[in-house]
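Summary of the model geometry
Okay, here's what each chain looks like letter by letter:
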Amino acid sequence: KPVGPFIKPSAIKDPMDLTIITKVNDKEVARDSTKTLKFNIAEQIADASSITPLQRGDILMVGAGSLGPVSIGDIVEGYIEGLDSKFAVRSKVVAA
């Protein structure tokens, strides 16, 4: 599944203070914080909505640092530290 379940805003105390972790084959390869974003979340939403109307349920996906090489068959998992594991996104790398 490429996208996990909806996270209610009440589950997030401060969206600019989240630790996001990425693992490849259960090995942590990236750990970063929304505190270090070049553009904060409000700026990203404003920028996107200046280009196209945003509707409830729309998803904005932004880039991340390098995960290093991944291969077909690898399992890539991303999650926000402190949230229930049901919100983790886990996908197997497949050939295009």
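Anyway, here's the lowdown on the structure attached to this text. (Residues numbered from 1 in each chain as written. Predicted model: local features only at pLDDT ≥ 70, side-chain atom pairs only at ≥ 80, totals over all residues. Heavy atoms only, no water.)

This paragraph deals with the sheet that holds strand 4 (residues 89-92). Reading across the sheet, the four strands line up as 2-1-3-4 and stay open at both edges, with antiparallel pairing between neighbours. Each of the sheet's edge strands pairs with one partner strand only, and the pair in question is strand 2 (27-33) and strand 4. Between one strand axis and the next, the sheet turns through 15 degrees on average, direction left out of account. Looking at chain direction, strand 1 (residues 19-24) and strand 3 (residues 75-80) are connected through five bridges and run antiparallel. (Pairing = 2+ DSSP bridges. Helix = DSSP H or I, 4+ residues; strand = E, 2+ residues; numbered from the N terminus. Axes fitted to C-alpha atoms, helices over the stretch in contact; angles between N-to-C directions.)

As a further point, take unusual backbone geometry. The phi dihedral of Asn25 falls on the positive side, at around 50 degrees, and the residue is not glycine. Mapping Asn25 onto the fold places it in the loop between strand 1 and strand 2. A relative accessible area of 41% means that Asn25 is categorised as partly exposed. (Buried < 20%, exposed > 50% of the residue type's maximum accessible area, 1.4 Å probe, protein only.)

Nonpolar side chains collect at one region of the surface, where Val3, Ile59 and Met61 lie side by side and expose about 320 Å² of accessible area between them. Tracing the sequence through the fold places Met61 in the loop between helix 1 (41-51) and strand 3. (Patch = residues over 30% accessible without salt bridge, like charges linked within 9 Å, V, L, I, M, F, W, Y side chains within 5 Å. Areas by Shrake-Rupley, 256 points an atom, 1.4 Å probe, with all protein chains shown as cover. Salt bridge = Lys/Arg side-chain N within 4 Å of Asp/Glu carboxyl O.)

When the charged atoms of two side chains lie near each other, side chains of opposite charge can form a pair. Under the criterion given, the structure shown has five salt bridges. Residue Arg31 is joined to Glu28 by a salt bridge in which the shortest nitrogen-to-oxygen separation is 2.9 Å. We classify Arg31 as partly exposed; its relative accessible area is 46%. Look at Glu28 and you get partly exposed, because its relative accessible area is 37%. Between Arg31 and Glu81 there is a salt bridge, with its nearest N and O atoms 3.0 Å apart. Taken as a pair, Arg31 in strand 2 and Glu81 in the loop between strand 3 and strand 4 lie far apart in primary sequence, 50 residues in all. Residue Glu81 is classed as partly exposed on the basis of its relative accessible area of 41%. Where salt bridges share partners, they join Asp26, Glu77 and Arg90 into one cluster.

For strand 1 and strand 2, the ladder comprises six bridges, and the chain directions are antiparallel. Across the sheet, residue Lys23 finds its bridge partner in strand 2, namely Glu28. Following strand 1, the chain reverses through two residues before pairing antiparallel with strand 2; Asn25 in that reversal takes a positive phi of roughly 50 degrees.

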